[in-house]
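Structural overview
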Amino acid sequence: EAWRFYTIARPDAAGGNSWNGLPLEERTGGSVRTPGSYDAELNLLYFGPAPTYDTDSLRVLANAPNISTDALYTNSTIALNADNGELVWHYQHMRNDQLDHDWAFERQIINLPVNGEMRKTIVTGGKEAIFEALDAATGDYLFSIDLDMQNVITEIDSRTGAKTLNPAAIPEPGQVLAGLSMNGICPDALGARNMQSTSYNPNSGILYIPMQDTCVNNLTGKRWQKYPNPEENGLWGMVKAVDLKTREVLWTTRQFAPPASGNLTTDGGLLFTGSIDRWFKAVDQRSGEILWQQRLDNSPSSYPITYRVDGKQFVAIATNSGSFYANGMERTAGITNPPTGASLWVFALPD
């Protein structure tokens, strides 16, 4: 073992006073469950630790000096020196997350124009479907894109990215979290996005995001859509194409089933995506139009890849009985998939 970095700050280390005075054995969470990203030019590794698991111990600030309830390094982007594992910088997207709205997913290294200057950025998004860009070298906050799938955060500071929460989102100790409207909280614990990874096309500057439109009533457990209307009722799954240069949504497609796979773009203009109802599709990056689809033996709850052998291009994806997230989305849409099994599907692109 060359080095080790603790994503739960130790009491005697930097950030150690951000855990409400808790001893080390009572600090939970901070798991790293998504592969990191590496920038060879900066020699930095980027990871996104998950939230804490025991939220109750962070709800009320203890009566002690020089402590906070931020809980570093949960819901942060951390940049580590690849040679020795030392922390170079960190940025916490959400302090003291009481709703399990993780920022624990992929960190993409993307060159983007910001205020007329080209910057190397780290782009990532949490379960609220808010995507943020940070300077890859320094961790400086650059901008946020809120895709309007949440009702928990009421304001984002344009200079720092600090978030103001709706007071109703965090109940007083002993009270039930009833919700922020007559229906409840958006998104639910599965998030408007989750482990299904986004895909970025550097030629077009467009980020393709697999999403689900789900909110939850905390009293009844019933799930609903944020902007229900007859035309979109029951269309839980979504893909959004977002231009990161203009920060605008170019198109949105909806489907019955929530996403199961990560997204995959190709230079040929295709976007591959899979859904909980076992469909694997190739769509047009420009419009979201379905160009080809194949129903598989089980949910494609994995990450598609493309590769070439002797000049022939292939696309591969694995199916399986699903993760906690996939199984939860099955229940949302009322889908029943086979309970077991795993297969590898490989398709050849036409000559």
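Residues numbered from 1 in each chain as written. Predicted model: local features only at pLDDT ≥ 70, side-chain atom pairs only at ≥ 80, totals over all residues. Heavy atoms only, no water.

1. Re the pattern of salt bridges
Using the following cut-off: Here a salt bridge means any side-chain nitrogen of Lys or Arg lying within 4 Å of a carboxyl oxygen belonging to Asp or Glu. Starting at the N terminus, helices and strands are each numbered in turn, a helix being any DSSP run of H or I of at least four residues and a strand any DSSP run of E of at least two. Exposure is judged per residue with a 1.4 Å probe applied to protein chains only, and the accessible area is read against the type maximum: over 50% gives exposed, under 20% gives buried, and values in between give partly exposed.
Counted according to the given criterion, the structure contains 19 salt bridges. With a shortest N-O distance of 2.7 Å, Lys163 and Glu132 are connected by a salt bridge. Here Glu132 lies in strand β7 (residues 130-135) and Lys163 lies in strand β10 (residues 163-165), a separation of 31 residues in the sequence. Summarising the burial analysis for this pair, Lys163 and Glu132 share the class buried.

2. A look at the sheet that holds strand β19 (residues 279-284)
Note the cut-off: Paired strands, as defined in this entry, are two strands with at least two bridges between them according to DSSP.
Strand order across the open sheet formed by four strands is β17-β18-β19-β20, with antiparallel pairing between neighbours. Strands at the two margins of the open sheet, each flanked by one partner only, are β17 (264-265) and β20 (290-295). Pairing analysis gives five bridges linking strand β18 (residues 270-274) to β19, with the strands arranged antiparallel. In the strand pairing of β19, Phe272 is matched with Ala282.

3. Some details on the pairing of strand β5 (residues 108-114)
Residue alternation in β5 divides its side chains into a buried set, Gln108, Ile110, Leu112 and Val114, and an unburied set, Ile109, Asn111 and Pro113. When β5 meets strand β6 (residues 117-125), the two strands line up antiparallel, connected through seven bridges. In the strand pairing of β6, Ile109 is matched with Ile122. If you look at the hairpin formed by β5 and β6, you'll find two residues sitting between the two strands, and Asn115 has a positive phi there, around 55°.

4. Some remarks on unusual backbone geometry
The amide bond that connects Leu72 to the next residue, Tyr73, takes the cis arrangement and shows omega of 10°. Looking along the chain, the bond that leaves Cys186 and enters Pro187 is cis, with omega of -5°. With respect to the secondary-structure elements, Pro187 resides in the loop between β10 and β11 (199-201). One non-glycine residue, Asn115, adopts positive backbone phi at about 55°. When you line up the elements, Asn115 lands in the loop between β5 and β6. With a phi close to 50°, Asp310 is a non-glycine residue in the positive phi region. Secondary-structure assignment places Asp310 in the loop between β21 (305-309) and β22 (312-319). For Asp310, a relative accessible area of 82% gives the class exposed.

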